[in-house]
2 protein chains.
Amino acid sequence: MNDKPVYLDYAATTPLDPRVLEAMMPYLTEKFGNPNSIHTYGREARRAVDEAREKISQLLNCQPSEIVFTSGGTESDNLALRGVVEAYRQKGNHIITTAIEHHAVLHTCKALEEKGFEVTYLPVDEHGLVYPEQVAEAIREKTILVSVMHANNEIGTIEPIEDIVKAVKERRPDILIHTDAVQTVGHIPVDVQKLGVDLLSFSAHKFYGPKGIGGLFVRRGVKLVPQITGGGQERNRRSGTENVASILGAAKALEISIEEMPKEMTRLQKLRDDLIAEVLKRIPDSRLNGHPSQRLPHNANFSFRGIEGETLLLQLDMNGIAASSGSACSSGSLEPSHVLLALGLSYEWAIGSLRLTMGRFTTYEDILKVIELLPSIVEKLRALTGFTV
Amino acid sequence: MNDKPVYLDYAATTPLDPRVLEAMMPYLTEKFGNPNSIHTYGREARRAVDEAREKISQLLNCQPSEIVFTSGGTESDNLALRGVVEAYRQKGNHIITTAIEHHAVLHTCKALEEKGFEVTYLPVDEHGLVYPEQVAEAIREKTILVSVMHANNEIGTIEPIEDIVKAVKERRPDILIHTDAVQTVGHIPVDVQKLGVDLLSFSAHKFYGPKGIGGLFVRRGVKLVPQITGGGQERNRRSGTENVASILGAAKALEISIEEMPKEMTRLQKLRDDLIAEVLKRIPDSRLNGHPSQRLPHNANFSFRGIEGETLLLQLDMNGIAASSGSACSSGSLEPSHVLLALGLSYEWAIGSLRLTMGRFTTYEDILKVIELLPSIVEKLRALTGFTV
């Protein structure tokens, strides 16, 4: 990364860990079989897929048969929502979610509304928190599914999923609960039994695995109408030739991430806290978005009044810092983040956001560089637009 | 592949070409950005995706905006069928396809029947050919989509898509035509303008690219309801972070395949013809399945009376030959192939099938090995079950 900017956009995607690539290499070269073939090459590929599934299920604390591999987090969210509501349509047509979900959930809910489903979009508090009691109160007779993300991709707020599940299941054990855990799996402890959810989405490229591979935990007994049909792979829940090398890469990546998690969480939390403290101290008219403590260890999200986020990003990039204004999936749009608006931020604050997300290869020097450069860049941009603090 | 069997199952999957892996490597290491990020890393990834799309569109003779990347052939088929019928449902509910399609099409048609669509499954002749006039005659007022594969994955028969398109469009230019070209792209010339189709599916791991990546050509003006919604990637037709390295790999793989196609087609055709001639000569009560001449240059599909396909495969595998009895996606099932039954084969002939598909790394020695070993293996198995010719 010599002449390249310091990378502080780990929430958008992470580099593939060299140890993961090394584990994948045999399956990108001589072990190329299709796991559905019954000959030597096929059986060797099948074994790799089986072992990867076994490993991932152990790490998430579920059964191998409860893991469905997909092409990534977005497909997992789609399979969870579309698959469940199609299977349980006879039972009801109401879905509960939140205003701050990833677009993979929000836009899918919009698509389902066009098919006759009704969706409640719960508001969040100023830190982005959803309250369990609020979810329970939104339950209707026709409610079949609740989908609340484990941690928000923009502001890093960690939702009280365990308590939400309890509050919902206490009233209505039959309602299924999905969580988009794309931002948490591999970053903070995720145990599907402890969380109590029925479905959970994850994506390998968010935890140093390859792009194009993800998975969905589907609790035994939960019905799911497949959204991609064909050869009947993944126990008839998702057809298509298994992406062997990437499935193996996902398992290896998750194993490493969980192994290093205790040490890494502490290290990143320290970097994050120093960064937050210094930025808020050095830059007037700035604020931290998201929960002050109940947030991802590697996420800092700021707003600077009088600043336009995209302009700030380009200035940072030219000064050797790669960051984001929110979700990578929405960049290019000049709309303020739906997440920040849901927190109650005014348009003025919402458009001036900066997300800095750290990771495995972030050093203290990287953070020092931001602390050193950011205040003057913000000052310069404010001067250009005539903004006075 | 030293101590490994000779691989003759290229139709199931192909090894990743080392030149393709080499092209992918920078994007599996330092160039890891999310194409949706606006910083240096993101722009670098975006450029790679754009260039790959450009290259593939040139090779298939269409516009870059007409290519949608997916996770593979099965997803492409699903997006084509589900996406089109959902978009044109107001217009009609009838689909025409054939009895010998891949399960990605057949099972999707079955799923659509449950949603109120009507499907005509056209029969084929004894060589697996669909007749253009037959397709045209199946048209009803409510017909919105025709889906006929470009070449069959089991028997290698190449369908007269160009003539089918003409026959259909002559009567009803508004009917959309999809072809599953998973077995042809990279193997025989495929030009979407010449074929005249509106949608065409392809999969990279069938032409020496990585698994987990494919695409769908969607002619400009064709409406498609996205089946995976979220961040709005692929011009809102297929959401999810782009699988950068694999997209680039798909483009490189297609480029190489098309470059080497003229020479390679001639070489494989010679191997195939010698193989077919020798097998039919040396093994009594044997037959070639599929069209004698209008077939994929690398496909040979036999039936041996009195033989059970899976038993034969295991014997071949132990003797150093990796082959298939039909589609990899159906192996493990003891049902005879739906394709062979559609040709009119009796159960007895249909269960005794063997598909040998050759490719880039197949040598004449490999074929000689089959010619030498296969007759005695078949003879031994027949003796075991008391079958007499």
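Residues numbered from 1 in each chain as written. Chains lettered and ligands numbered in written order. Predicted model: local features only at pLDDT ≥ 70, side-chain atom pairs only at ≥ 80, totals over all residues. Heavy atoms only, no water.

Participant: So, the sheet that holds strand S4 (residues 118–122) of chain B: which residues are in play, and what are the values?
Facilitator: Residue and element names in this part refer to chain B. One open sheet holds the 7 strands; their spatial order is S2-S8-S7-S6-S5-S3-S4, and the pairing between them is mixed. Lying at the two open borders of the sheet, with one neighbouring strand each, are strand S2 (67–70) and S4. Along the sheet, successive strands turn relative to each other by an average axial angle of 20°, direction set aside. One ladder, built from 5 bridges, connects strand S3 (residues 94–98) with S4; its direction is parallel. Following the sheet pairing, His94 is matched in S4 by Glu118. The sheet strands contacting helix H2 (residues 40–60) are S2 and strand S7 (199–203), and the helix crosses S2 at an angle near 120°. Relative to the sheet, helix H4 (residues 103–113) contacts S3, S4, strand S5 (143–147) and strand S6 (176–180), its axis offset from that of S4 by approximately 150°. (Pairing = 2+ DSSP bridges. Helix = DSSP H or I, 4+ residues; strand = E, 2+ residues; numbered from the N terminus. Axes fitted to C-alpha atoms, helices over the stretch in contact; angles between N-to-C directions. Contact = heavy atoms within 4.5 Å.)

Participant: A description of the relation of the copies chain B and chain A should follow, citing residues and the corresponding values.
Facilitator: Between chain B and chain A, the superposition needs a rotation of 180° and an axial shift of 0.0 Å, giving an RMSD of 0.0 Å. The transformation relating the two chain copies, once decomposed into turn and shift, fits a two-fold axis. Within chain B, the C-alpha atom positioned nearest to the axis of rotation is that of B:Ser71, 3.1 Å from it. Both copies present the same face, since 100% of the interface residues in chain B are matched by interface residues at the equivalent positions in chain A. (Least-squares fit on C-alpha atoms with pLDDT ≥ 70 in both.)

Participant: Describe the interface of chain B and chain A, and please don't skip the residues or the numbers.
Facilitator: Counting from both sides, the interface comprises 65 residues of chain B and, opposite them, 65 residues of chain A. Taken as a group, B:Phe32, B:Ile38 and B:Tyr41 account for 14% of the area that chain B buries against chain A, more than any other trio of residues on that side. Our count for the chain B to chain A interface comes out at 6 salt bridges. For the salt bridge of B:Arg43 with A:Asp317, the shortest nitrogen-to-oxygen distance reads 3.1 Å. (Buried area = accessible area lost by both parts, 1.4 Å probe. Salt bridge = Lys/Arg side-chain N within 4 Å of Asp/Glu carboxyl O.)

Participant: Tell me about the confidence of the model for chain A, and please be specific about residues and values.
Facilitator: Interpretation of this model should avoid reading the predicted coordinates in detail wherever pLDDT is low. Summarising the model, chain A shows a mean pLDDT of 96, and 97% of its residues fall at 70 or more. Here the predicted complex carries an ipTM of 0.96, next to a pTM of 0.97. (pLDDT = per-residue confidence, 0-100.)

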